[in-house]
Amino acid sequence: MATQSTTVTVSGSFSLVDSEGVTVFTYSPSFTSASNTTSQCLYTGEHLAQTGGSELALADVNDDRLFVFIKNVDTDYAVEVEASLSESSALECADLKPGEFFFAPMELNGDGSGDSVKVTAATADQKVQYLICDALDN
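Residues numbered from 1 in each chain as written. Predicted model: local features only at pLDDT ≥ 70, side-chain atom pairs only at ≥ 80, totals over all residues. Heavy atoms only, no water.

S.K.: Which parts of the structure should I look at to understand the overall build of the protein?
M.R.: The helix and strand tally for the protein stands at one helix and twelve strands. In the protein, the order of α-helices and β-strands from amino to carboxyl end is β-β-β-β-α-β-β-β-β-β-β-β-β. Residues counted as buried form 36% of the 138 residues belonging to the protein. Put simply, 72% of the contacts in the protein that link residues at least 6 apart link residues at least 24 apart. Working note: accessible area of the protein is about 8,000 Å², and carbon and sulfur atoms make up 47% of it. (Helix = DSSP H or I, 4+ residues; strand = E, 2+ residues; numbered from the N terminus. Buried < 20%, exposed > 50% of the residue type's maximum accessible area, 1.4 Å probe, protein only. Contact = heavy atoms within 4.5 Å. Areas by Shrake-Rupley, 256 points an atom, 1.4 Å probe, with all protein chains shown as cover.)

S.K.: It is not clear to me how the pairing of strand 2 (residues 14–17) should be interpreted in this structure. Could you clarify?
M.R.: Looking along a regular strand, one sees side chains alternate from face to face of the sheet. Looking at chain direction, strand 2 and strand 3 (residues 23–27) are connected through four bridges and run antiparallel. In the sheet register, Leu16 faces strand 3, and the bridge partner there is Phe25. Turn length for the strand 2-strand 3 hairpin, with the two strands adjacent in sequence and antiparallel, is five residues, and the turn residue Gly21 shows positive phi of about 85°. (Pairing = 2+ DSSP bridges.)

What follows is the structure, encoded as structure tokens:
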């Protein structure tokens, strides 16, 4: 019997160049998921961030660590990205202006009382694109 495993690798490269064309800063983040998490725990798509806040559904991921990419693809207003730590508490991770994105590992509450990523539009509903990958527990 053959055994299959699946991994996902995501990477990007960002550079800040001054007005004279000199590179001031370069950053190249990346991650590779473990084969035992990828098959059931990779989410990607578009979502309408609402002014009252809305959660990205993460039913199958662990309650602990995620790798997250979110981009504000609308052209009007900012979108706030938060880690929902409990029913009444959230930690703001990014405030994305139109066209900006967020790419980082995120820690959620490991006891399960908070296990979601929340996006909130500043003024009117805004579209975001996302990729969320489960990571190994701490």
